Amino acid sequence: MRFLKVTVALSVALSCLLPSSGYSEKDLRYQNIRQNMQQIFSYHIENKNFSGKIIQRSFKIYLEQFDPDNLYLLRSETKVFLNLDSKDLYKISKQYERDRFDSYQKASDLVQGSISRHRRIRNEIFPELAVVDLSNFKEVHYDNDSPKTEKELKEKLKYKFMRMLAMRERRAGAPFSKARREKILALYEKKLRRLESPYYFADEKGLQHDPQTMEHYQVLHILKSITKSLDAHSAYYSAEEASELRTSLKKQFQGIGIVLKEGEDGIYISDLIAGGPAYSSGLIQSGDFLLAVDNFNIQEATFDEVLEHLRGDEGSTVELLVRNDKNSKPVRVKLKREKIVLHEERLSYTYEPYADGVIGKIVLPGFYDNGEGVNAERDLREAINELKEKGPIYGLVIDMRQNSGGFLSQAVKVAGLFITKGIVVISKYSDGEIRYMRDMDGRMHYQGPLVLLTSKVSASAAEIVAQALQDYGVAVVVGDERTYGKGSMQYQTVTEDNAKSYFKVTVGRYYTISGRSTQIEGVKADIVVPTEFAPYSIGEKYLEYPLSADNLDFEAAFAEKTQYKNFQKKYQSLFHVEETQWKKMLPTLKANSQRRLARDENFKAFMRRINGQDAGARLQIKKKRTAREDDYGTDDLQVKESVNIIKDMIYIDSRSSSR
């Protein structure tokens, strides 16, 4: 499923965008574990120490983060680490106090042994796969459980690799030669060794890491497993991962703007970032093979070595040797590393004419802020102003279906564009402290029919905006029955370029003016218009170790009656929002939408397809593909219905006003 792969795909792509800052030497040591965890425990909303519960979770996570698909470890091997008794837990906790991690080291030894076995099995089956007849290959079902025996593991691996080759040959339309298969399998071996390297304590060429690097990786794995044990959203990051996340949040990085991939014929440029030095040069194209970096021949280099040679400070230069294809003459291109803004990851908008004005359709992919003027609130404000230049804005649809959150401060400012004053979000921390984040602007940049289009993957800051504007009655929420359900806040060091360690930790819950938390339950749609995510089990409640849901009792939140009376006097008027015209017309809007969708043949075909009832269901209008997602019909069906709801809001409001 595409939505589950977004984070992984983003990480892979960003690692090739070549940011130049945030990388550190591999210098984590065992004594850093307790030091870092004491800081993280002090921040966490619930878990304050290295308890038996955390220990049990951490070993499960330690093994899962290495072997998520159960393709390395046997069931009997993991049993000892997944069934710790009280004596084991006591022993491990005492070792922790002395900066000893013997049990984790035993888990590491198990992992290294499983990698050796995996490589031996690959050496046995890859020669067979180079010549096996795949013309009659049939798919079979393999469950995701850990294999019981080495024989079962070997069968599972052989099937996995055969399936990979068979699918590639089907796409190519013809069987591959032995030589071609060998090149594909050699590339697969190289990629597996790269993934195994941090656990095997040797690089993909087989060269042993030095003792300091080995200790660094082991400490990193332990910190990751313990931190992730606290709850579904706490996490510890390597410097490389932090750099990638920083780029994602700020929508900018320093580099030359190329995305690299490794294929069986070599490392090639899979994409260029618009506006970046490589793109602007006009001398590099997507698909070009990379041959050298600053006279460093990359033919025998690892992928990570190539990335390392491409990194550098802003303003420095790098020379690439590229070739368009095997027969063309190589070209040398000298580029200067620059700060690049990822415009394609920022807000975008379109519109359609309505009467003497327009209905705006805005895609808000996240709540980003680079600290230098590129942020979601400014982009949205400018989009609204630009739409006003087209004519009166009769309605707005803000599409947050793919919006998984971002900076809380940006969510508050975005919500503030549609209300004159008031609390947007209330934060409650582990020590009972309550904070209120308000819109201080005092100006409404748009007032009129407003639809927020959401889905099951709309999360965190997106849910704050949707719940707040729904509570105030200024927007109608349309989409899946509910959003993701992340109602917790995290403190993070990821955006600090020179932090000593990189982590995020859950420090509190947030609530909107209704006192409701979006935790677990999410934001319920006013009008249900299912999206492509509707059939799937997506959301906070499906994660391991989520926080429980609750509501904020404002009176109980204050220890003294006088405090509550002062709070009432200052804020209470904001908690009783009068029923707006949009809330009053909801029954009619909902009924109209249901009738339209019931008659829409395209939407019925879409629903049959996502529910698996008719995999071959064809739409009445030719399906097209955009850069963002697959659209159904000439128009995105959910946006189309949102626009229809806007038109209903305009019509009903005009009828009410004319009476």
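Refer to the structure printed above.
In this text the structure is predicted, and so the values were computed from the model without any measurement.

**Student:** Looking at this structure, how should I read the sheet that holds strand β12 (residues 393-399)?
**Tutor:** Backbone-to-backbone hydrogen bonds join strands into a sheet, with any given pair of strands oriented parallel or antiparallel. Pairing is mixed in the open sheet, where six strands are placed in the order β10-β11-β12-β15-β16-β19. Unpaired on one side and paired on the other, β10 (348-354) and β19 (527-528) mark the two borders of the sheet. Strand direction decides the pairing type here: strand β16 (residues 476-479) and β19, joined by two bridges, are parallel. Each bridged residue has a counterpart across the sheet, and for G479 the counterpart in β19 is V528.

**Student:** When you look at the packing of helix α6 (residues 102-129) against helix α8 (residues 178-200) in this model, what are you seeing that I'm missing?
**Tutor:** The description of two helices packed together rests on the angle between their axes and the distance between the axes. Interaxial distance between α6 and α8 falls to 11 Å at its minimum, and their mutual angle equals 180°. Relative to α8, the element α6 is oriented roughly antiparallel. For the pair formed by α6 and α8, the contact residues are V111, Q112, I115, S116, H118, R119, R122, F126 and L129 on the first element and R181, L185, E189, L192, R193, E196, Y199 and Y200 on the second. Looking at the contact of α6 with α8 residue by residue, the class counts come to eight nonpolar, three polar and six charged.

**Student:** Before we go on, may I ask you to explain the packing of helix α3 (residues 52-66) against α6 in this structure?
**Tutor:** Contact pair α3 / α6: the axes reach a minimum separation of 11 Å and the direction vectors enclose 25°. One way to sum up the angle between α3 and α6 is to call them roughly parallel. The way α3 lies across α6 gives a crossing that is right-handed. Residues S58, F59, Y62, L63 and F66 of α3 touch α6, and the partners they reach there are S103, Y104, A107, S108, V111, S114 and I115. Residues of the contact of α3 with α6, tallied by class, amount to eight nonpolar, four polar and no charged.

**Student:** Help me out: how do you make sense of the packing of aromatic side chains in this one?
**Tutor:** We describe a pair of aromatic rings using the distance from one ring centre to the other and the angle between the two ring planes. Considering all chains together, one arrives at 20 aromatic pairs under this definition. Taken together, a centroid distance of 5.1 Å and an interplanar angle of 40° make the contact between Y142 and Y159 tilted. Taken together, the residues span a long stretch of sequence, with Y142 in the loop between α6 and α7 (150-172) and Y159 in helix α7 at a distance of 17 residues. An aromatic cluster of three or more residues is present, and its members are Y30, F50, F59, Y62, F81, Y96, F101 and Y104. Here R119 stacks its cationic end above the ring of Y200, 4.3 Å away from the centre of that ring.

Definitions and cut-offs
Along every chain, residues carry numbers that run from 1 in the direction the sequence is written. This being a predicted model, a pLDDT of at least 70 is required before a residue's local features are given, and a value of 80 or more before pairs of side-chain atoms are given or counted; all residues contribute to the totals for chains, interfaces and linings. Excluding hydrogens and water, the side-chain values take into account all heavy atoms of the structure. In this description, strands pair whenever DSSP reports at least two bridges between them. The helix count covers DSSP runs of H or I at least four residues long, the strand count covers runs of E at least two residues long, and both are numbered beginning at the N terminus. Axis lines are fitted through C-alpha atoms, for helices just across the contact stretch, and the angle between N-to-C directions can take any value from 0 to 180 degrees. Here the angle decides the label: under 35 degrees means roughly parallel, over 145 means roughly antiparallel, 65 to 115 means roughly perpendicular, and every other value means oblique. The contact criterion used is simple: two residues touch if any of their non-hydrogen atoms lie within 4.5 Å. Residue polarity is assigned by list, with Asp, Glu, Lys and Arg as charged and Ala, Val, Leu, Ile, Met, Phe, Trp, Tyr, Cys and Pro as nonpolar; anything else, Gly included, falls into the polar class. Left-handed describes a crossing in which the near helix is turned anticlockwise from the far one by less than a right angle; the clockwise case is right-handed. Pairing of aromatic rings covers Phe, Tyr and Trp, the last counted by its six-membered ring, and requires centre-to-centre distances within 6.5 Å; plane angles under 30 degrees mean stacked, over 60 mean edge-to-face, and any other angle means tilted. Whether a charge sits over a ring depends on NZ of Lys or CZ of Arg being within 6 Å of the ring centre and within 35 degrees of the ring normal.

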